[in-house]
Amino acid sequence: MLYAFLIIVLVVACWIAAQDKPVLHVKFKGGVIVWSKGHFPQMFKHNVIEIGEVVPFDGELRVYQKRSGPVLKFSSLVPMKVKQRINNVFPHQGFVPDEEGKKMG
């Protein structure tokens, strides 16, 4: 019984660890990109920098690749207006992440 419980806990822990694998992770401080990891298309990066210059904000942006396409997730610190502006400039159709293991940014 104890072995079954440990196996279930291990499977759940592995599943949770595998869930948070964004193809792009960006941190902002005062509207400036302070850290990024993953595929960051140059035009999208340029647009995000412009948005940060106009409306300084703090927070994080993560992009996950789902079967239906890329999904943007923002931290709660990012204002709703900024979320909408970034969503508007994000290349939903043309976003193709790099292969696993490659790092850009």
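## Some details on the packing of helix α2 (residues 42-54) against helix α3 (residues 80-89)
And then number 1: Here α2 crosses α3 at 155 degrees, and the two axes come no closer than 10 Å. Overall, the two elements α2 and α3 adopt an arrangement that is roughly antiparallel. With respect to the hand of their crossing, α2 and α3 are arranged in right-handed fashion. For the pair α2 and α3, contact is made by Phe-44, Asn-47, Val-48, Ile-51 and Val-54 and by Val-82, Arg-85, Ile-86 and Val-89, respectively.

## Some words on the pairing of strand β1 (residues 24-29)
And then number 1: Note: β1 against strand β2 (residues 32-38), six bridges, orientation antiparallel. Bridge pairing in β2 places Lys-29 opposite Val-32.
And then number 2: The turn linking β1 back onto β2 is made up of two residues, and Gly-30 within it adopts a positive phi angle of 65 degrees.
And then number 3: The pairing of β1 with strand β3 (residues 59-66) spans five bridges and is classified as antiparallel. Its bridge partner being in β3, Val-26 is matched across the sheet by Leu-61.

## Topic: a nonpolar patch on the surface
And then number 1: Taken together, the side chains of Leu-2, Tyr-3, Phe-5, Leu-6 and Val-9 present a nonpolar region at the surface, about 580 Å² in accessible area.
And then number 2: For Leu-6, the position within the fold is in helix α1 (residues 2-19).
And then number 3: With a relative accessible area of 46%, Leu-6 lands in the partly exposed category.

The rules behind each value
Residue indices follow the written sequence of each chain, beginning from 1 at its first position. It should be noted that, the model being predicted, local features are given only for residues of pLDDT at least 70 and side-chain atom pairs only at 80 or more, the latter also being counted only at that level, while totals for whole chains, interfaces and linings use all residues. To obtain the side-chain values, all non-hydrogen atoms of the structure were included, while hydrogens and water were left out. Lines fitted to C-alpha atoms define the axes, with helix axes restricted to the stretch in contact, and inter-axis angles between N-to-C directions lie between 0 and 180 degrees. Helix numbers and strand numbers start at the N terminus; a helix is a DSSP run of H or I with at least 4 residues, a strand a run of E with at least 2. Should an angle lie under 35 degrees it is considered roughly parallel, over 145 roughly antiparallel, and from 65 to 115 roughly perpendicular; all remaining angles are considered oblique. In a left-handed crossing the near helix is turned counterclockwise from the far helix by less than a right angle, and in a right-handed crossing that turn is clockwise. The contact rule is simple, with two residues in contact once any of their heavy atoms fall within 4.5 Å. For two strands to pair, DSSP has to find at least two bridges joining them. Candidate patch residues must exceed 30% relative accessible area and have no salt bridge, after which like charges are joined if within 9 Å and Val, Leu, Ile, Met, Phe, Trp or Tyr side chains if within 5 Å. Only the protein chains shown count as cover for residues, and the accessible areas themselves come from Shrake-Rupley with a 1.4 Å probe. Criterion for a salt bridge: a side-chain nitrogen of Lys or Arg within 4 Å of a carboxyl oxygen of Asp or Glu. Exposure classes here rest on a 1.4 Å probe applied to the protein chains alone. A residue is buried below 20% of its type maximum, exposed above 50%, and partly exposed in between.

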